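One-letter residues, chain by chain:
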Amino acid sequence: MNKPSPARYRTTNWSSYNASLRARGALLIWVDREMTWLAPRDGRPGRPPIFSDAAVQFCLSIKVLFKLPLRQTAGMVASLLKMAGLDWPVPDFSTLCRRQKTLAVQIPYRRADGPLNLLVDSTGIKFLGDGEWQARKHGVQRRRQWRKVHLAMDPATSDIRAVEFTPSRDGDSPVLPDLLGQIQADEQIGTVTADGAYDTRRCHKAITDRHATPIIPIRRNGRLWKDDCPAARARNETLRATRYYGKAFWKRWTGYHDRSRIEAKMRCLKSFGERIAARDPDRQTAEIHIRIALMNRFNALGTAEIIRVA
């Protein structure tokens, strides 16, 4: 029997995608001349901040983008502002370190036409401990510590629409309602696709409360739930369809395999570094949010449009 030929794909917008890849390497593309650099007076007692949140986020974005310590970050930001012809003052390293703890990072995103279809998954990222090579060569010298990043992606734009940052011991399913809560109430959610770890009553209820359709495979040895709510009825229909048609057919029929795109997005998240530099949980959260903001900014510059040709 002849083996089927592998699928072939073709990029239809190569010229524009190539231009967007070149734009990602431009230094001055991150400098917005209309940015509010100095913090406005808010009338509160005490010494007011000198730099706005946008200025601090810009500096920390340069730090994450080029993997720089804080002092080198201040030097590079000063050089970028000089190249752009701007005489703005530059925050020093202690200011950046202090403001990172309380910074509310603004994550840009684009809204596609029609209902929002979310792909949900999580990954771990290390912040303390030996590297992989040292651990394999010499053994683990000290305890390695991790954090867990939960993402919800819009496949239409490839933008991350919701992100949660939790300790490594936290499970996936309890975080899904918080992810959906980050989506504005006036935005319609069509489907939520996730793996079997999200096959819980809490997740199904959170999805049906947003009038969305869950695309979640049933756990192994899963049984029918008590038919007492819309979430249980939707989940029981998935179980019956899986038993009747088979799990492989159900996954193709519902488009479950699109979830591989959020797994690929995890690799993009770790392309900024396999570990995070901050040690404080609040600063770690800001660092992860800045990574997400950079990823969405890259997507806005242009992404590849790929179609299957065979």
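Residues numbered from 1 in each chain as written. Predicted model: local features only at pLDDT ≥ 70, side-chain atom pairs only at ≥ 80, totals over all residues. Heavy atoms only, no water.

## Digging into the sheet that holds strand 2 (residues 116-128)
Spatial ordering of the open sheet is given by 4-3-2-5-6, a layout of 5 strands whose pairing is mixed. The outermost strands of the open sheet, each flanked by one partner alone, are strand 4 (159-167) and strand 6 (213-215). In this sheet, adjacent strand axes meet at a mean angle of 25° when their direction is disregarded. Note: strand 5 (residues 189-193) against strand 6, 3 bridges, orientation parallel. When the bridges of strand 6 are listed, Val-192 appears paired with Pro-214. Seen against the sheet, helix 10 (residues 260-270) touches strand 2, strand 3 (145-154) and strand 4 and runs at an angle of roughly 35° to strand 2. (Pairing = 2+ DSSP bridges. Helix = DSSP H or I, 4+ residues; strand = E, 2+ residues; numbered from the N terminus. Axes fitted to C-alpha atoms, helices over the stretch in contact; angles between N-to-C directions. Contact = heavy atoms within 4.5 Å.)

## Points about the pairing of strand 5
Most of strand 5 is tucked away, with 4 of its 5 residues classed as buried. As paired elements, strand 2 and strand 5 share 4 bridges and run parallel to each other. Residue pairing for strand 5: Asn-117 is matched across the bridge by Thr-191. Considered for its hand, the β-α-β crossover made up of strand 5, helix 7 (residues 201-209) and strand 6 is right-handed. (Buried < 20%, exposed > 50% of the residue type's maximum accessible area, 1.4 Å probe, protein only. Right-handed = clockwise from strand over helix to strand, strands pointing away.)

## Quick look at the pairing of strand 4
Regular strands have side chains that alternate between both faces of the sheet. Counting buried residues in strand 4 gives 7 out of 9 residues, a clear majority hidden from the surface. Here strand 3 pairs with strand 4 via 8 bridges, running antiparallel. Paired with Arg-147 across the two strands is Pro-167, which belongs to strand 4. What sits between the antiparallel neighbours strand 3 and strand 4 is a turn of 4 residues, in which Ser-158 has the positive phi angle 65°.

## Description of the state of the cysteines
The full count for this structure, using the stated rule, is 0 disulfides. With no disulfide of its own, Cys-59 lies 13 Å from the sulfur of Cys-97, the closest cysteine sulfur. On the basis of relative accessible area, Cys-59 is assigned to the buried category, the value being 1%. With no disulfide partner, Cys-203 has as its closest neighbouring cysteine sulfur the one in Cys-229, 13 Å distant. (Disulfide = S-S within 2.5 Å.)

## What to know about the environment of Ala-112
Within the secondary structure layout, Ala-112 lies in the loop between helix 4 (93-100) and strand 2. By relative accessible area, Ala-112 is classed as partly exposed at 30%. With sequence-adjacent residues up to four places away left out, Ala-112 is seen in contact with Asp-154, Ala-156 and Thr-157.

## Some thoughts on the packing of aromatic side chains
Taken as a whole, this structure holds 8 aromatic pairs when the rule is applied. For the pair Trp-30 and Phe-298, a centre-to-centre distance of 5.6 Å together with 70° between the ring planes defines the contact as edge-to-face. Pair noted here: Trp-30 is in the loop between helix 1 (14-24) and helix 2 (53-66) and Phe-298 is in helix 11 (residues 281-301), with a separation of 268 residues, a long-range link. Judged on exposure class, the residue Trp-30 and its partner Phe-298 are both buried. Relative to Trp-88, the ring of Trp-37 lies with its centre 5.0 Å away and its plane at 25°, an arrangement referred to as stacked. Here Trp-37 is found in the loop between helix 1 and helix 2, whereas its partner Trp-88 is found in the loop between helix 3 (70-83) and helix 4, with 51 residues between them in sequence. (Phe/Tyr/Trp six-rings, centres within 6.5 Å; stacked < 30°, edge-to-face > 60°.)

## Overview of the side chain of Gln-100
Assignment of secondary structure puts Gln-100 in helix 4. For Gln-100, a relative accessible area of 8% translates into the label buried. Leaving out residues up to four positions away in the same chain, Gln-100 has contacts with Leu-60, Ala-278, Asp-282, Arg-283, Ala-286 and Glu-287.

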